[in-house]
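Residues per chain are reported as follows:
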Amino acid sequence: MIKAAILGFGTVGSGVAEVLSLNEDKITRTTGGISLKYIVDIRDFPGNRFESLLTKDFAVVENDPEVKIVVETIGGARIAYDFTKRCLLQGKTVVTSNKELVATHGIELMEIAKEHGCTYYFEASVGGGIPIIRPIAQCLASNNISEIYGILNGTTNYILTEMKKNGLSFDTALRQAQEMGYAEADPAADIEGHDVCRKICILAAMCFGHHVYPEDVPTEGIQNITAVDVDYAEANGYKIKLLGRALEHDGKAYAYVAPHLVPVDNLIADVEGVMNGIVVKGNAIGTAMFYGPGAGKMPTASAVVADVMDAAKHLKNPKKPNWADSDPEHTGNADDLEYVWYVRSDAKEGIGLEIAENEDEYVRITPAMTKQAVLHAYEGSKVFALIRVLQ
Ligand code: HSE
């Protein structure tokens, strides 16, 4: 029986304990058995069915040679970073759902794991329960990938959907997303796009081979999206979705996060609520899409426990890092690329095709141009909204 521990007994950590117990028979049949020995958390959980496993002392896990697999579901990049590093230095395989940690320190942690004969797993860090990390690393390994984009945040997609479909206010929809365990501890990370930024960094690194750091990725959230723009978009055959996107152009990888007008005939437009959808373009497969629950306790735990099972089967055969460290030669600034833009402004004359007009407001769709060029073209006018249009 392989012994495991969980660090952080919050939404995902408690889901991991539940899935290990719920599916114990199947897990034992396929791995020989995984036994949860400790759960580390500074909080008390009186009456919880896993109470006997709880300890506040991380060193108990660190120093127990019997524990071979550690699940890190603390979140953030401080304590989680310290504990993950210390586990890997002891040769313990670490499984995480912590996208912030993978996006900021992933390459360093994978290298430490390699040196100490263990593996750093992170399937659950992107897309919640959707299989995406392993499909890119294995099932699509024969492809050169040119582009990956998708709806990568369940909370914001839930908010946009509920506001449109059920007329909920932004605050009510956000509160519901929090109650259902979708939102980050600080939901600003969801709303302002930072969570998507971390996830697209991981996907860009997986697809294009070099670490991409969040601070190098232009990031916009949904905080400036208004009902007026949602309505104009809808009247013209689009839905507004927050996308993370990474693509290769002239040998460099570019990544960014921004709301987009998505044509309603693109499958991504039908990804609603907490669901995530990820489109991958490869030179052999063509276009593939991955779809499923992108946040929430049990879907995320589903991905974590699958990694724990994979880890249990590969303890003697650890996996190699998925990418190399960042390289300025291979990474470009996504603000230098050209996009088609939706512009709502007070400019009577402006570049692009006018799609709506209302009193002193004019809405246009521009040809492909850089952000700088479109702002220059509208200099002297009030630009109320500037949103990319997905092609
Ligand atoms: N807050 C994240 C989301 C959780 O809403 O997608 C899953 O990463």
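Fair warning: this is a prediction, and the values are worked out from it, not measured in the lab.

1. So, the overall build of the protein chain
In terms of helices and strands, the protein chain carries 13 helices and 15 strands. For a compact globule of 391 residues, the expected C-alpha radius of gyration is about 21 Å, and the protein chain comes in at 22 Å, within 12% of that figure. Taken along its principal axes, the extent of the C-alpha atoms in the protein chain is 70 × 45 × 35 Å. Out of the 391 residues in the protein chain, the part that is buried amounts to 54%. Pairs at least 24 residues apart make up 70% of the contacts formed inside the protein chain by residues separated by at least 6 positions. Here the protein chain displays about 17,000 Å² of accessible surface, and carbon together with sulfur accounts for 49% of that area. Taking the 36 positively charged and 53 negatively charged side chains of the protein chain as two groups, their mean positions are separated by 7 Å.

2. Let's talk about the packing of helix 2 (residues 24-31) against helix 12 (residues 297-313)
A pair of packed helices can be characterised by two numbers: the angle between their axes and the separation between those axes. The geometry of helix 2 relative to helix 12 is characterised by a closest axis approach of 10 Å and an angle of 30 degrees between their N-to-C directions. Relative to helix 12, helix 2 is oriented roughly parallel. The hand of the helix 2/helix 12 crossing is right-handed. Where helix 2 approaches helix 12, its residues Ile27, Thr30 and Thr31 are matched on the opposing element by Val305, Met309, Ala312 and Lys313. Across the contact of helix 2 with helix 12, the residue classes break down as 4 nonpolar, 2 polar and 1 charged.

3. Concerning the side chain of Arg364
Its place among the elements puts Arg364 in strand 14 (residues 361-365). When its relative accessible area of 2% is taken as the criterion, Arg364 is described as buried. A polar contact of 2.6 Å, which involves the side chain of Arg364, links it to the backbone oxygen of Lys348.

4. Overview of the packing of aromatic side chains
For the structure on display, the rule yields 8 aromatic pairs. The interplanar angle of 5 degrees and the centroid separation of 3.9 Å between the aromatic rings of Phe58 and Phe83 together place this pair among those described as stacked. Here Phe58, found in helix 3 (residues 58-62), pairs with Phe83, found in helix 4 (residues 79-89); they are 25 residues apart in sequence, far enough to count as distant. The exposure class assigned to Phe58 is buried, which follows from its relative accessible area of 4%. When its relative accessible area of 16% is taken as the criterion, Phe83 is described as buried.

5. What about helix 11 (residues 227-235)?
Those residues of helix 11 not exposed but buried are Asp229, Tyr232 and Ala233. Down the axis of helix 11, the buried set is contained in an arc of 100 degrees. They therefore lie on one face. Every exposed residue of helix 11 that faces more than 90 degrees away from the buried side is listed here: Ala227 and Ala235. Those residues of helix 11 that are buried lie in contact with strand 8 (238-249), strand 9 (252-263), strand 12 (340-345), strand 13 (353-358), strand 14 and strand 15 (383-389). Gly237 sits one or two residues past helix 11 and shows a positive phi near 90 degrees.

6. Describing the domain arrangement of the protein chain
How big an interface is tends to be expressed through the accessible area that disappears when the partners come together. We note that the domain assignment places domain 1 (2-130 + 297-313), domain 2 (133-293) and domain 3 (338-389) within the protein chain. With centres defined by C-alpha atoms, the gap from domain 1 to domain 2 works out at 26 Å. At the interface, 20 residues of domain 1 touch 23 residues of domain 2. Of the roughly 1,700 Å² buried between domain 1 and domain 2, counting both surfaces, carbon and sulfur atoms make up 64%. Sorting the residues of domain 1 by area buried against domain 2 places Lys99, Val126 and Ile130 first, and these three jointly supply 35% of that buried surface. Taken together, domain 1 and domain 2 are joined by 6 salt bridges. Across the salt bridge formed by Asp310 and Arg134, the nearest N and O atoms sit 3.9 Å from each other. Taken together, domain 1 and domain 2 are joined by 7 residue pairs in polar contact (both at pLDDT 80 or more). Those elements that place two or more of their residues in the side of domain 1 that touches domain 2 are helix 5 (99-115) and helix 12.

Procedures and definitions
- Residues numbered from 1 in each chain as written.
- Predicted model: local features only at pLDDT ≥ 70, side-chain atom pairs only at ≥ 80, totals over all residues.
- Heavy atoms only, no water.
- Helix = DSSP H or I, 4+ residues; strand = E, 2+ residues; numbered from the N terminus.
- Rg over C-alpha atoms; globule rule 2.2 N^0.38 Å.
- Buried < 20%, exposed > 50% of the residue type's maximum accessible area, 1.4 Å probe, protein only.
- Contact = heavy atoms within 4.5 Å.
- Areas by Shrake-Rupley, 256 points an atom, 1.4 Å probe, with all protein chains shown as cover.
- Lys, Arg positive; Asp, Glu negative; His and termini not counted.
- Charge placed at Lys NZ, Arg CZ, Asp CG, Glu CD.
- Axes fitted to C-alpha atoms, helices over the stretch in contact; angles between N-to-C directions.
- Parallel < 35°, antiparallel > 145°, perpendicular 65-115°, else oblique.
- Left-handed = near helix turned anticlockwise from the far one by under 90°.
- Nonpolar A, V, L, I, M, F, W, Y, C, P; charged D, E, K, R; others polar.
- Polar contact = N/O pair within 3.5 Å; in protein donor to acceptor, adjacent residues only side chain to side chain.
- Phe/Tyr/Trp six-rings, centres within 6.5 Å; stacked < 30°, edge-to-face > 60°.
- Arc of directions from axis to C-beta.
- Domains from an automatic or database assignment.
- Buried area = accessible area lost by both parts, 1.4 Å probe.
- Salt bridge = Lys/Arg side-chain N within 4 Å of Asp/Glu carboxyl O.

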